[in-house]
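One-letter residues, chain by chain:
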Amino acid sequence: MFLQSLVHDGDPLTSEGLFLTRGDVAGPRLQVGDLVLAAGTVREAGDSDATLTTLEADQVEVVGQVAVEPLLLARPSQDGDDWEPLEGRLVHITEPLTISGNDGLSRYGELVGSFGGRLFTPTEVAAAGPGADAVAADNARRRLVLDDGSSRRDVGTPSWLPQAPHDTKPLRTGSVVTGVTGVIDQRYGSYRLQLTDKPGAIEQAPRPAAPTVPGDRRIAGFNVLNLFNGDGAGGGFPTERGAASIDDYIRQQAKLIAVVQALDPDLAALMEIENDGYGPASAIAQFVAALNAAGPHADWRFVDAGEGPGTNPIRVGLIYRASRFSAVGKPATLTDGPFADRSRAPLAQAFRAGQGPVFVVAANHFKSKGCGDGAADADADAGDHQGCFNATRVESARRLHDWLATDPTGTGATGTLVIGDLNAYAMEDPLRLLRERGWHDAFALAGAERPYSYVWSGQSGRLDHALLDAGLAPACAAQPNGTTMPTKPRPSATARTGTTTPGVPPITIRCSWASTWPTAGYDPGHGRPARLPQRIRSAAPDRPGRPAGADGGPARTRPGTCRRGRGLPSQSTRRRHPAQQGGHHDRPRPERTRPGRGALQLPRRRPVRRHVRQRPR
């Protein structure tokens, strides 16, 4: 329960509100509008500097009734600490709030709102250092979490929403909420508005149509989110890091097939597919078989690298349509240096469309940002927004560049496409190194404005990239979607996989092979090219594939903050996003429980989420 003083104390830097707890003290049941006299001990409750000013009452007496009118607010000022003096106050915010994050909606009844448009990851738009620090500070100033005043987990439809999210109105990021009313507080590392009423209006972000780009060939890259198929015969569940049951696996694979059908690529690079060989019971063989069975195309093949690549439980892979591309030569991989036990081993394969020029596609998945896997020395979090293992990712980028320069496929290819999950945002050191060495960002070629493929902790950015070397870049022109890509909330589910709805690809690369490359006998056409879909997400290690057999079947298939932070008084914990501490993006949250609730009331014992204050990545 929040209390608000009727008399201002004269100090503009302090709040006129308190969070009231009564413990075992008996007293009247309080209602909104009760005028009370309360006595007790004031303390800052919570962890570290994330505290909530709390009155632990010994005595509460109702002495009357008053009307409670909210304070009207617009947006925070440029200077910053605007929320601290408002803690515990009932406010009505007139400024529109953009939904920048929605992954906590069904789980905790909360959305990340932001003033002035979408929040972007600092190192997506600025290099580590003062530039990224400035973006992080601006993000913190503009961010306000819309919460449901409750501790209950898996809430379904929050009470403050006028209707449950559904396919036509899913509350994607980029949606705009106007006219919100609630009590300002700070807990779990964020200033929050504990909503007391439904918003005045919600403008849903539309789902942009997939771009229609004329052309001859299309290449896609996406993360299959730990696609593990058990033992390939219906057993072997739960898997090491993928589906918990056969039903989860079937649902996950069906979603992935729908993504491929929607993208209609001719070749695709996959990340996070199980590293279990290439026989009939392997995950990649069964995925390709399912693609062919689902149609509309039945000529999908996979690149068979023999083993691996790499020894990580997951790998990268390449799949392609045999009527659209021919594999040239044998696949190549790199398994030493950082690719031995950190970054997933890359897979490179040369292809040709018809009698056109030979080019190489290299699928990649660099080491993640999480700090729980022995990050030390140069790989420790430097507090520069790049997370842990940045040195490993930089070395991975350097080794990848040097390796590709040696023509590892031995085909003398005219150009190379590097595609995949590099686990680094656009302005981080690994991407800067690759651009300095001559690789061209497909988004930059497109002139795309603030593209993104991923939303984490309410901030948008790109961990997925498509890079063209000097040989391929002149042949290709990229086209972004006409609008930024909105993303749906993740449903609350017990299944470990298959819970994220893929979105529209943020970019399409069109290649005019014949007009820029001398290709005797090549039938010219506009290349229809490399699309990156929104990642359907998690993060983990690697594996690849190879051309199919001559008989058309798969080859060798086997199975506020303010000056003082706030956290809610509680003794249990509810962990905040690991990314807020530079960590990786696939950690589960613990349970949270809730006692009763009432008007303007939060439970006396709401679990506190452990939060290492964000050093924004």
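Before going into details, it helps to say that this report is about the structure given with it. Everything numeric here is computed off the predicted structure, so don't read it as measured data.

## Focus: the environment of Glu-95
Okay, step 1: Residue position: Glu-95 is located in the loop between strand S6 (90-93) and strand S7 (97-101).
Okay, step 2: We classify Glu-95 as partly exposed; its relative accessible area is 22%.
Okay, step 3: Spatially, the C-alpha atom of Glu-95 lies 8.9 Å from that of Val-180, the residues being 85 residues apart in sequence.
Okay, step 4: Discounting chain neighbours no more than four positions away, the residues touching Glu-95 are Leu-73, Ala-74, Arg-75, Phe-115 and Val-177.
Okay, step 5: Polar contacts involving the side chain of Glu-95 include one to the side chain of Arg-75, which spans 3.1 Å.

## Considering the nonpolar core
Okay, step 1: Core analysis: the biggest nonpolar cluster contains 25 residues, and Phe-222, Leu-270, Phe-287 and Ile-319 have the highest contact counts within it.
Okay, step 2: Breaking this core down by element, the ones donating at least two residues are strand S14 (219-227), helix H4 (246-263), strand S15 (267-274), helix H5 (283-294) and strand S16 (300-302).
Okay, step 3: In terms of residues, this core owes the most to one element, H5, which gives 7 residues.
Okay, step 4: Setting aside anything within four residues of it in sequence, one finds Phe-287 in contact with Leu-227, Gln-253, Leu-256, Ile-257, Val-260, Leu-270 and Ile-319.

## Notes on a nonpolar patch on the surface
Okay, step 1: A contiguous nonpolar patch, built from Leu-6, Val-7, Val-32, Val-66 and Val-68 and spanning about 410 Å² of accessible area, is present on the exposed surface.
Okay, step 2: In this fold, Val-68 is placed in the loop between strand S4 (50-65) and strand S5 (71-73).
Okay, step 3: By relative accessible area, Val-68 is classed as partly exposed at 35%.

## What about the pairing of strand S21 (residues 415-421)?
Okay, step 1: In terms of burial, S21 is largely enclosed, as 7 of its 7 residues are buried.
Okay, step 2: Bridging between strand S20 (residues 359-365) and S21 involves 7 bridges; their strand directions are parallel. Across the sheet, residue His-365 finds its bridge partner in S21, namely Asp-421.
Okay, step 3: Where the polypeptide runs from S20 across helix H6 (residues 390-404) and back to S21, its parallel neighbour, the crossover connection is right-handed.
Okay, step 4: Note that S21 and strand S25 (residues 464-468) share 5 bridges and pair antiparallel. Bridge pairing in S25 places Ile-419 opposite Ala-466.

## Quick word on the side chain of Asp-421
Okay, step 1: Structurally, Asp-421 can be placed in strand S21.
Okay, step 2: In this structure the side chain of Asp-421 is engaged in a polar contact, spanning 3.2 Å, whose partner is the side chain of His-365.
Okay, step 3: A polar contact is formed between the side chain of Asp-421 and the backbone nitrogen of Asn-423, at a distance of 2.9 Å.

## A word on the sheet that holds strand S11 (residues 180-187)
Okay, step 1: On the basis of which strands lie adjacent, the open sheet formed by 9 strands has the order S5-S6-S11-S12-S9-S8-S7-S10-S13 and mixed pairing. Of all the strands in the sheet, the pair left with one neighbour each is S5 and strand S13 (201-203). The sheet shows a mean angle of 40° between the axes of neighbouring strands, direction not considered.
Okay, step 2: Summarising the sheet, S6 and S11 pair through 4 bridges and their orientation is antiparallel. By the bridge assignment for S11, Val-91 is matched with Gly-182.
Okay, step 3: Sheet strands touched by helix H3 (residues 130-142): strand S8 (111-114) and strand S9 (143-147). Its angle to S9, the strand with the most contacts, is close to 35°.

## A look at the packing of H6 against helix H7 (residues 429-436)
Okay, step 1: Here H6 crosses H7 at 20°, and the two axes come no closer than 8 Å. In terms of orientation, H6 lies roughly parallel with respect to H7. When the axes of H6 and H7 are compared, the crossing they make is right-handed. From H6, Asn-390, Arg-393, Val-394, Ala-397, Arg-398 and His-401 reach across to H7, where they touch Asp-429, Pro-430, Leu-433 and Leu-434.

## A word on the environment of Arg-187
Okay, step 1: Within the fold, Arg-187 resides in strand S11.
Okay, step 2: Here Arg-187 falls in the buried class, since its relative accessible area comes to 0%.
Okay, step 3: Sequence spacing of Arg-187 and Gly-46 is 141 residues, and the spatial spacing of their C-alpha atoms is 8.0 Å.

## Let's talk about the packing of H4 against H5
Okay, step 1: Relative orientation of the contacting elements H4 and H5 amounts to 60°, with a least axis distance of 10 Å. On the basis of their axis angle, the class for H4 and H5 is oblique. For H4 against H5, the interelement crossing comes out right-handed. Seen from H4, the contacting residues are Tyr-249, Gln-253, Leu-256, Ile-257, Val-260 and Gln-261; seen from H5, they are Gln-286, Phe-287, Ala-290, Leu-291 and Ala-294.
Okay, step 2: Residues belonging to the contact of H4 with H5 are distributed by class as follows: 8 nonpolar, 3 polar and no charged.

## A word on the pattern of salt bridges
Okay, step 1: Applying the stated criterion across every chain yields a total of 23 salt bridges.
Okay, step 2: A salt bridge links Asp-138 to Arg-141; the nearest nitrogen and oxygen atoms lie 2.7 Å apart. Taken together, the residues Asp-138 and Arg-141, both in helix H3 and 3 residues apart, mark about one turn of the helix.
Okay, step 3: On the basis of relative accessibility, which here comes to 11%, the residue Arg-141 falls in the buried class.
Okay, step 4: The residue Asp-336 makes a salt bridge to Arg-399 at a minimum N-O spacing of 2.6 Å. You can see Asp-336 sitting in the loop between strand S18 (326-333) and strand S19 (344-352) and its partner Arg-399 sitting in helix H6, a full 63 residues away along the chain.
Okay, step 5: Within the structure, one salt-bridge network assembled from shared partners comprises Asp-266, Asp-299, Arg-321 and Arg-324.

## With respect to unusual backbone geometry
Okay, step 1: Backbone torsion omega between Phe-237 and Pro-238 reads 0°, so that peptide bond is classified as cis.
Okay, step 2: Put simply, Gly-308 and Pro-309 share a cis peptide bond, and its omega is 5°.
Okay, step 3: Of note, Asn-423 is a non-glycine position whose phi angle comes to about 50°, a positive value.
Okay, step 4: Mapped onto the elements, Asn-423 comes out in the loop between S21 and H7.

## Here we look at the sheet that holds S20
Okay, step 1: The strand order across the open sheet formed by 6 strands is S18-S19-S20-S21-S25-S22, and the pairing between neighbours is mixed. The sheet terminates laterally at S18 and strand S22 (440-441), the two strands that pair on one side only.
Okay, step 2: With 6 bridges joining them, S19 and S20 adopt antiparallel strand pairing. Along S20, the bridge assignment pairs Phe-351 with Phe-359.
Okay, step 3: Sheet strands touched by H6: S18, S19, S20 and S21. Its angle to S19, the strand with the most contacts, is close to 30°.

Calculation notes
- Residues numbered from 1 in each chain as written.
- Predicted model: local features only at pLDDT ≥ 70, side-chain atom pairs only at ≥ 80, totals over all residues.
- Heavy atoms only, no water.
- Helix = DSSP H or I, 4+ residues; strand = E, 2+ residues; numbered from the N terminus.
- Buried < 20%, exposed > 50% of the residue type's maximum accessible area, 1.4 Å probe, protein only.
- Contact = heavy atoms within 4.5 Å.
- Polar contact = N/O pair within 3.5 Å; in protein donor to acceptor, adjacent residues only side chain to side chain.
- Core = buried A, V, L, I, M, F, W, Y, C linked by side-chain atoms within 4.5 Å.
- Patch = residues over 30% accessible without salt bridge, like charges linked within 9 Å, V, L, I, M, F, W, Y side chains within 5 Å.
- Areas by Shrake-Rupley, 256 points an atom, 1.4 Å probe, with all protein chains shown as cover.
- Salt bridge = Lys/Arg side-chain N within 4 Å of Asp/Glu carboxyl O.
- Pairing = 2+ DSSP bridges.
- Right-handed = clockwise from strand over helix to strand, strands pointing away.
- Axes fitted to C-alpha atoms, helices over the stretch in contact; angles between N-to-C directions.
- Parallel < 35°, antiparallel > 145°, perpendicular 65-115°, else oblique.
- Left-handed = near helix turned anticlockwise from the far one by under 90°.
- Nonpolar A, V, L, I, M, F, W, Y, C, P; charged D, E, K, R; others polar.

The values reported here are purely geometric and, on their own, carry no functional implication.
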